[in-house]
Structure formats: structure tokens, C-alpha cells
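One letter stands for each residue in the lines below.
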Amino acid sequence: MASNIAETAVIHPDALLAADVEVGPYAVIGAHVTIGAGSVIGPHVRIDGPTTIGERNRFVGQASIGTEPQDLKFRGERTELRIGNDNVFREFVTLNRGTTGGGAITTIGSNNFFMAYAHVAHDCHVGSNTIFANNATLAGHVEVGDFSTIGAFSAVHQFCRVGDHAFIGGGSICTQDVLPYVKTVGNRPAKTYGINNVGLERKGFPKETIEALQRAYRILTRSKLLLNDALERIETELGFVSEVRGFVEFIRTAKRGVIR
């Protein structure tokens, strides 16, 4: 075995690993798994397939990746997991493959950080540059936008969406879509607490954009207008800001409603 693969690791003959992939002791890599260059598979990590993993990903010990979906309707159909580049998966992170009823694929983008015990269920689609704190949990069919943060011990209900740059505080239970750019915290019901000013400033958003988002949020939550009327007013007054247009579009396309 190559010097960068531990002698006690178990790798299926059908797995495809780039030449420089490191595999730690007692890791188990199954059939139909592809792992890109520069990736590190820690000790006791389990990776089942079909799973495609990009470059420079790091899996710390005991992570369980690409396992069967935890769905009683699953009958062994061929489904898959796809992971981008430069992600970190800490201890005991679990990622499930998709189901045929949900498109048969779970996807993870790039530059994400998953802390210990985070879980991504079947048919979820996670963007890029996200942070999942310890025990952050997604039920099936959840979509998570870019640059969002899901706090520790928080859970997102199946078929919900988390918008770009959203911030979910620790211990929250989200049963409707989570607004982009907004701080959402709470346990049944979760509530919003304004635009995530500090986070957006740190990410380099212009002051004018943050102020426009603040005005849009106030119209949505404080104007006492019906939802459609509030959205029309936001578009009329602030539609020249692309982030505000995205904010409105996110709300208009919500199927489960949004947390307000």
C-alpha cells in the first residue's frame, strides 16, 4: 500500500483515490467512491458510495459519509452524494446520500466547515462557505444558501430553505424558510431579530446595501401590511438593490412560508 495510506485502512478495489490522498488507520472506503487530490481521510472515517469528493477535503476521525438515507421508503436504489472542494468535516459528522423521491442526490458545495456531530440528511443541497456548528442538523430535502451559519444544536425541518448569508442562532428549531441576511433564533417558534449587520460588515457588504436590507426587513416585519403589499412596497422603494430583489424573490418562492 502507498505510504500515505495506513496499513489498517480498508479500501474497496473499485474506489478511486488521487495519488496523494491520505487515509488514516481503520478508515473504511467503499465501492464507487472517488476522492480528489489533496484530501485527508482521518482515522475510523467511513465513506460509502456512490460518493464523489472533490479536492483538498479533510475528514476528521469517525465521520460517516455517503451512507444510506435514513428514510423508511429507501429500498437500496442507486443514489449519490457529491462534495466540492476545500471542506472540513469534523468528528462524527454524518452525510447521507439522496433518495429517488428527492432527486437521488445530496450535494455539498465548497469551503464549508462542519463542526462535530453536524448532520446533513438525504436530498439536501448545501451551498458554499457555510458554517455548521456542533450538532447542527438538517432534515431531508433542505436547501442551504451560500455564506449561511447554522448554530449549535439547531435543526431545520424537512423541505425548508435557509437563505444566503442567513444566521441561525444556537438551539433554534426552524420549521419554515429562514430569511437571507437575517438573524433567526428560537425554539418553536423561531423568530427573526433583524439583519445580520455584523456578519455582513465582516463580509465586506457596502453600508448602503446593509441599510437597504434593514429598510426592507422593517417594511416586512413592522409595516402591518399584508405580505404581498409589503413585498410590493419593498420592490417599489428598494428594488434597485440586487440583494433586496433576492430577498423579495426568496419570500415569494417560499412553499412553507418564512420565519418572520
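Residues numbered from 1 in each chain as written. Predicted model: local features only at pLDDT ≥ 70, side-chain atom pairs only at ≥ 80, totals over all residues. Heavy atoms only, no water.

Topic: the sheet that holds strand β23 (residues 161-162)
Then, in step 1: An order of β2-β5-β8-β11-β14-β17-β20-β23 is seen for the eight strands of this open sheet, with the pairing classed as parallel. Sheet topology places β2 (16-17) and β23 at the edges, where each strand pairs with a single neighbour.
Then, in step 2: Examined bridge by bridge, β2 and strand β5 (residues 33-35) share two bridges and lie parallel to one another. Looking at the pairing, Leu17 lines up with Ile35 of β5. (Pairing = 2+ DSSP bridges. Helix = DSSP H or I, 4+ residues; strand = E, 2+ residues; numbered from the N terminus.)

Concerning the sheet that holds strand β27 (residues 191-195)
Then, in step 1: Pairing is mixed in the open sheet, where ten strands are placed in the order β3-β6-β9-β12-β15-β18-β21-β24-β26-β27. The sheet is open, and its two edges are formed by β3 (22-23) and β27, each paired on a single side.
Then, in step 2: Along the sheet face, helix α2 (residues 207-222) touches β26 (182-185) and β27 and points at about 150° away from the line of β27. (Contact = heavy atoms within 4.5 Å. Axes fitted to C-alpha atoms, helices over the stretch in contact; angles between N-to-C directions.)

Overview of the packing of α2 against helix α3 (residues 227-238)
Then, in step 1: Interaxial distance between α2 and α3 falls to 9 Å at its minimum, and their mutual angle equals 155°. The angle between the axes of α2 and α3 places the two elements in the roughly antiparallel class. By crossing handedness, the relation of α2 to α3 is classed as right-handed. The residues of α3 that touch α2, namely those facing Ala212, Arg215, Ala216, Ile219 and Leu220, are Leu227, Ala230, Leu231, Arg233, Ile234, Glu237 and Leu238. (Parallel < 35°, antiparallel > 145°, perpendicular 65-115°, else oblique. Left-handed = near helix turned anticlockwise from the far one by under 90°.)

What to know about the packing of aromatic side chains
Then, in step 1: Enumeration over the complete set of coordinates arrives at five aromatic pairs.
Then, in step 2: Aromatic side chains Phe92 and Tyr117 sit 4.9 Å apart centroid to centroid with 10° between the ring planes, which places their arrangement in the stacked category. In this pair, Phe92 sits in the loop between β12 (88-89) and β13 (94-96) while Tyr117 sits in the loop between β15 (113-114) and β16 (119-120), placing the two residues 25 residues apart along the sequence.
Then, in step 3: With relative accessibility at 45%, the residue Tyr117 sits in the partly exposed group.
Then, in step 4: By the ring-pair criterion, three or more aromatic residues cluster together here, those being Phe59, Phe89, Phe114 and Phe132.
Then, in step 5: Against the face of Phe250 rests Arg161, its NZ or CZ located 4.1 Å from the ring centre. (Phe/Tyr/Trp six-rings, centres within 6.5 Å; stacked < 30°, edge-to-face > 60°. Buried < 20%, exposed > 50% of the residue type's maximum accessible area, 1.4 Å probe, protein only. Lys NZ or Arg CZ within 6 Å of the ring centre and 35° of its normal.)

Thoughts on the environment of Gly66
Then, in step 1: Following the sequence through the fold, Gly66 ends up in strand β10 (residues 64-67).
Then, in step 2: Remark: the alpha-carbon pair of Gly66 and Leu81, spanning 15 residues in sequence, is separated by 5.8 Å.
Then, in step 3: If near-sequence neighbours (up to four positions away) are discounted, Gly66 is found in contact with Asp48, Gly49, Thr51, Leu81, Leu95 and Arg97.

Let's talk about the nonpolar core
Then, in step 1: Grouped together as the largest cluster of nonpolar side chains are 42 residues, with contacts concentrated most on Phe132 and Leu138.
Then, in step 2: Mapped by element, the contributors of at least two residues to this core are β5 and β11 (80-83).
Then, in step 3: Counting 24 residues, the second-largest nonpolar core is a separate cluster that includes Leu200, Ala212, Tyr217 and Val258. (Core = buried A, V, L, I, M, F, W, Y, C linked by side-chain atoms within 4.5 Å.)

Details of the packing of α2 against helix α4 (residues 242-252)
Between two packed helices, both the angle of their axes relative to each other and the distance between the axes serve to describe the pair.
Then, in step 1: In the contact formed by α2 and α4, the axes pass within 9 Å of each other and the chain directions differ by 30°. If you check the angle between α2 and α4, you find them roughly parallel. Crossing angle aside, the handedness with which α2 passes α4 is right-handed. Each of Thr209, Ala212, Leu213, Ala216 and Leu220 in α2 lies in contact with α4, whose residues at this interface are Glu243, Val244, Phe247 and Ile251.
Then, in step 2: Across the contact of α2 with α4, the residue classes break down as seven nonpolar, one polar and one charged. (Nonpolar A, V, L, I, M, F, W, Y, C, P; charged D, E, K, R; others polar.)

Focus: the environment of Thr175
Then, in step 1: Inspection of the secondary structure puts Thr175 in the loop between β25 (173-174) and β26.
Then, in step 2: In this structure Thr175 comes out as partly exposed when scored by relative accessible area, which is 29%.
Then, in step 3: Sequence separation of Thr175 and Arg256 is 81 residues, and the distance between their C-alpha atoms is 8.1 Å.
Then, in step 4: Once residues lying within four places of it in the same chain are set aside, the contact partners of Thr175 are His157, Cys160, Arg188 and Arg256.

Looking at the pairing of β26
Then, in step 1: Of the two faces of β26, only one is covered, namely that formed by Val182 and Thr184; the face formed by Lys183 and Val185 stays uncovered.
Then, in step 2: Sheet analysis places strand β24 (residues 167-168) next to β26, joined by two bridges and oriented parallel. If you follow Ile168 over to β26, its bridge partner there is Thr184.
Then, in step 3: Here β26 folds back onto β27, and the loop between the two strands holds five residues, one of which, Gly186, carries a positive phi near 135°.

The analysis is restricted to geometry; functional conclusions fall outside its scope.
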